[in-house]
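Remarks on the overall topology
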Amino acid sequence: MFKTIKDIDNLLKKHTEYRKGCLNLIASENYSSEIVRSYLSSDLGNRYGCYTTEDPSDREYTGNKYIHEIEMNTQKLAKDVFGGKYADLRPISGHMAGMAVVLGILEPHELVIEVSLEDWGHGLVGPMRQVSQFGETIKVEYMKFDQDRAVDAEALKKMAKELKPKLIIFGGSGTLFPEPVRELRQIADEYGIILAYDASHVTGLIAGKVFPNPLNEGADIMFGSTHKSFPGPQGGFIVSNRKDLIEKIGNTLSPSLVTSHHLNRIPAFAASLLEMKEYGHEYGVQIIKNSKALAKAMTKRGFNVLGADRGYTETHLILVDVGEYCSQMPGKLLERAKILCSDDFSGASPQIRVGTPEVTRRGMTEEDMDYIAELFRRVLIDNEDVDVISKDVEAFVAKYQELKYAF
Ligand code: DSN
């Protein structure tokens, strides 16, 4: 138990020092700019800004004069960066945004198609169904992937025609290639299906215009988080061109899922949006170059990197089948070498997910990816002593403590 403030300080300092010495390849994390971090400690973090109706100017609490202005200006900025006539910034996470989409759109016993957890889905509807009443009322099916880890568009079209879902949710946490949103639009119109896109992982790439914007491809709604490839504060957002949907989703979100929408994230998100307007394209281009370079360098060292026939990846991450080398979860072993990434044992063969957003922000380029691939080889293939490797990792990351593409 903490007894004094000093105890808390000490542990936080230890955390900061520890993470400084780690090579962070977790695709769902990023390092936000100091200005973004500073806004998180603003007075807004202790205020309530909920709306009485879906109209943001109809605030339930008093004292919101400038809070309203800050939120509305950030909404405008979000619409400018992501497109969409309407935006809702109240979801406090991407997951919460997704829950509001699902619960706001589906009537009891209607079907949704999403990406399964085994295929690096976000685990939105599947796990929600573990709450017994949702298990009884929400039906879910999962889209299929081809051998390159791209969504099988033809199989999905067939599923949509046969099963007539109310909602299809594209996007997951292992997205390597753009999803077939455009291909599904006509069937969606014919069968009255709503197309949603969970952009959580690729938000930064969309903002940087290096990944197709789902709203331009025909999605009815895009939602996601603001802290993965998008280097903002943790939080969520929803954008759409459909007033009926944004209202339905907003009314589901609040007041049942969110009351206080953690207002300190709003100016922090605004700063990240401005930053992405300034540097997002350059940052996105380098992320994809790094991902592709890492995939090639790992392949050269004998790893089975997925998606080879399509150029491995068009995003901020790569997936590597490590079944040949690992009988146990490799994430924990890599962590001992101070290499942080995600692993997954739920599918047919164990995989690791290696992400490039944070190392790109730290200024790493293609050559560095070669060194990173070598580190993976030393841990997973050569079984070298992880304590020795961790020293090399520390020395390597010490050269990259600056922040690029940032104010
Ligand atoms: N879905 C988890 C991930 O991608 O790491 C967290 O959002």
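The structure reproduced in this document is the subject of the present report. None of the values given here were measured: they were computed from a predicted structure.

What counts as what
- Residues numbered from 1 in each chain as written.
- Predicted model: local features only at pLDDT ≥ 70, side-chain atom pairs only at ≥ 80, totals over all residues.
- Heavy atoms only, no water.
- Pairing = 2+ DSSP bridges.
- Helix = DSSP H or I, 4+ residues; strand = E, 2+ residues; numbered from the N terminus.
- Core = buried A, V, L, I, M, F, W, Y, C linked by side-chain atoms within 4.5 Å.
- Buried < 20%, exposed > 50% of the residue type's maximum accessible area, 1.4 Å probe, protein only.
- Contact = heavy atoms within 4.5 Å.
- Near = heavy atom within 4 Å.
- Polar contact = N/O pair within 3.5 Å; in protein donor to acceptor, adjacent residues only side chain to side chain.
- Nonpolar A, V, L, I, M, F, W, Y, C, P; charged D, E, K, R; others polar.
- Expected span 1.5 Å × (residues − 1).
- Bend = angle between axes of the 7 residues up to and from the residue.
- Patch = residues over 30% accessible without salt bridge, like charges linked within 9 Å, V, L, I, M, F, W, Y side chains within 5 Å.
- Areas by Shrake-Rupley, 256 points an atom, 1.4 Å probe, with all protein chains shown as cover.
- Salt bridge = Lys/Arg side-chain N within 4 Å of Asp/Glu carboxyl O.
- Axes fitted to C-alpha atoms, helices over the stretch in contact; angles between N-to-C directions.
- Parallel < 35°, antiparallel > 145°, perpendicular 65-115°, else oblique.
- Left-handed = near helix turned anticlockwise from the far one by under 90°.

The next thing to look at is the sheet that holds strand β9 (residues 304-305). Reading across from one edge, β9-β10-β13-β12 is the order of the four strands in this open sheet, with antiparallel pairing throughout. The open sheet terminates on both sides in strands that have one partner only, identified here as β9 and β12 (342-344). The pairing of β12 with strand β13 (residues 351-355) spans three bridges and is classified as antiparallel. Residue pairing in the sheet places Ser-342 in a bridge with Arg-353 of β13.

Before going further, it helps to spend a moment on the nonpolar core. Among the nonpolar cores identified, the biggest contains 46 residues, and Phe-82, Ile-168 and Phe-170 are the most heavily contacted of them. Among the secondary structure elements, those contributing two or more residues to this core are α3 (65-82), α7 (153-163), β5 (167-170), α8 (181-191), β6 (194-198), α9 (203-207), β8 (236-240) and α12 (265-300). If one sorts the elements of this core by residue count, α12 sits on top with eight residues. Apart from residues lying up to four places away in sequence, Phe-170 is in contact with Met-143, Leu-156, Glu-179, Pro-180, Val-181, Leu-184, Leu-195, Ala-196, Tyr-197 and Asp-198. In terms of nonpolar packing, the next biggest core, distinct from the first, is built from 35 residues, Leu-25, Val-354, Ile-372 and Leu-380 among them.

With that settled, consider the site of the ligand. Neighbouring the ligand are Ser-28, His-122, Ser-173, His-201, Lys-228 and Arg-353. Between an oxygen atom of the ligand and a side-chain N or O atom of Lys-228, the distance comes to 3.0 Å. With respect to the ligand, the side chain of Arg-353 contributes an N or O atom lying 2.9 Å from an oxygen atom. Class assignment of the residues belonging to the shell around the ligand gives a composition of no nonpolar, four polar and two charged.

Our next topic: α12. Compared with the 52 Å implied by 1.5 Å per residue over 36 residues, the 42 Å span of α12 between its first and last C-alpha is markedly short. Of all the bends found along α12, the most pronounced is centred on Tyr-279 and spans about 70°. Of the residues one or two after α12, Gly-302 is the one with positive phi, at around 100°.

Our next topic: a nonpolar patch on the surface. On the surface, a nonpolar cluster with roughly 480 Å² of combined accessible area is contributed by Phe-2, Ile-5, Ile-8, Leu-11 and Leu-12. Of note, Leu-12 is situated in helix α1 (residues 5-20).

Bringing the packing of α12 against helix α15 (residues 366-381) into the picture now. Where α12 contacts α15, the axes come no closer than 8 Å and their chain directions differ by 40°. Regarding the angle of α12 to α15, the classification is oblique. Crossing of α12 over α15 shows right-handed handedness. When α12 is examined against α15, the residues Gln-286, Lys-289, Asn-290, Ala-293, Leu-294, Ala-297, Met-298 and Lys-300 are found in contact with a partner set consisting of Glu-366, Met-369, Asp-370, Ile-372, Ala-373 and Phe-376. Classifying every residue of the contact of α12 with α15 by side-chain character gives eight nonpolar, two polar and four charged.

Before going further, it helps to examine the pairing of strand β10 (residues 317-321). Of all five residues in β10, five are buried; the element is thus mostly enclosed. Alternating residues of β10 divide into Leu-317, Leu-319 and Asp-321 and Ile-318 and Val-320, and every residue in both groups is buried. Of the strand pairs in this sheet, β10 and β13 are connected by five bridges, and their pairing is antiparallel. Bridge pairing in β13 links Leu-319 to Arg-353.

A few words now on the environment of Tyr-86. In this structure, Tyr-86 sits in strand β2 (residues 86-88). Distance in space between the C-alpha atoms of Tyr-86 and Asp-321 is 40 Å, their sequence separation being 235 residues. When neighbours within four sequence positions are excluded, Tyr-86 is seen to be in contact with Lys-79, Ile-238, Val-239, Ser-240, Asn-241, Arg-242, Lys-243 and Ile-246.

What follows covers the sheet that holds strand β3 (residues 111-114). Judged by pairing direction, the sheet is mixed, and its seven strands sit side by side in the order β2-β8-β7-β6-β5-β3-β4 without closing on themselves. Each of the sheet's edge strands pairs with one partner strand only, and the pair in question is β2 and β4 (139-142). The mean angle between the axes of side-by-side strands here comes to 20°, regardless of whether they run parallel or antiparallel. Bridge analysis of β3 against β5 gives two bridges, and the strand direction is parallel. From the neighbouring strand, Val-112 faces β5, where its bridge partner is Leu-167.

Here we take up the pattern of salt bridges. Applying the stated criterion across every chain, the model contains 27 salt bridges. Two residues, Lys-300 and Asp-370, come together in a salt bridge whose shortest N-O distance is 3.7 Å. Residue Lys-300 is found in helix α12, and its partner Asp-370 is found in helix α15; the two are separated by 70 residues along the sequence. Of the charged contacts, one joins Glu-384 and Arg-378 as a salt bridge, the two residues approaching to 3.1 Å between their closest N and O atoms. Salt bridges here are not isolated pairs; linked through shared partners, they connect Lys-300, Arg-301, Asp-370, Glu-374, Arg-377 and Asp-382.

The next point concerns α3. Under the 1.5 Å per step criterion, the end-to-end length of α3 is 26 Å for 18 residues, consistent within 8% with the ideal 26 Å. Taken together, the buried positions of α3 are Ile-67, Glu-71, Met-72, Thr-74, Gln-75, Leu-77, Ala-78, Val-81 and Phe-82. Contacts made by the buried residues of α3 are with β2, α9, α10 (214-217), β7 (221-225), β8 and α12. One or two steps after α3, the chain reaches Gly-83, where phi turns positive at roughly 80°.

Take Glu-71: it is sitting in helix α3. Excluding residues within four positions of it along the chain, Glu-71 makes contact with Tyr-51, Arg-59, Leu-89, Arg-90, His-261, Leu-263 and Ile-266.

Assignment of secondary structure puts Thr-313 in the loop between β9 and β10. In this structure Thr-313 comes out as buried when scored by relative accessible area, which is 0%. Beyond its immediate sequence surroundings of up to four residues, Thr-313 is in contact with Leu-176, Phe-177, Ser-291, Lys-292 and Ile-318.

Purely geometric stuff here, so don't read any function into it on its own.
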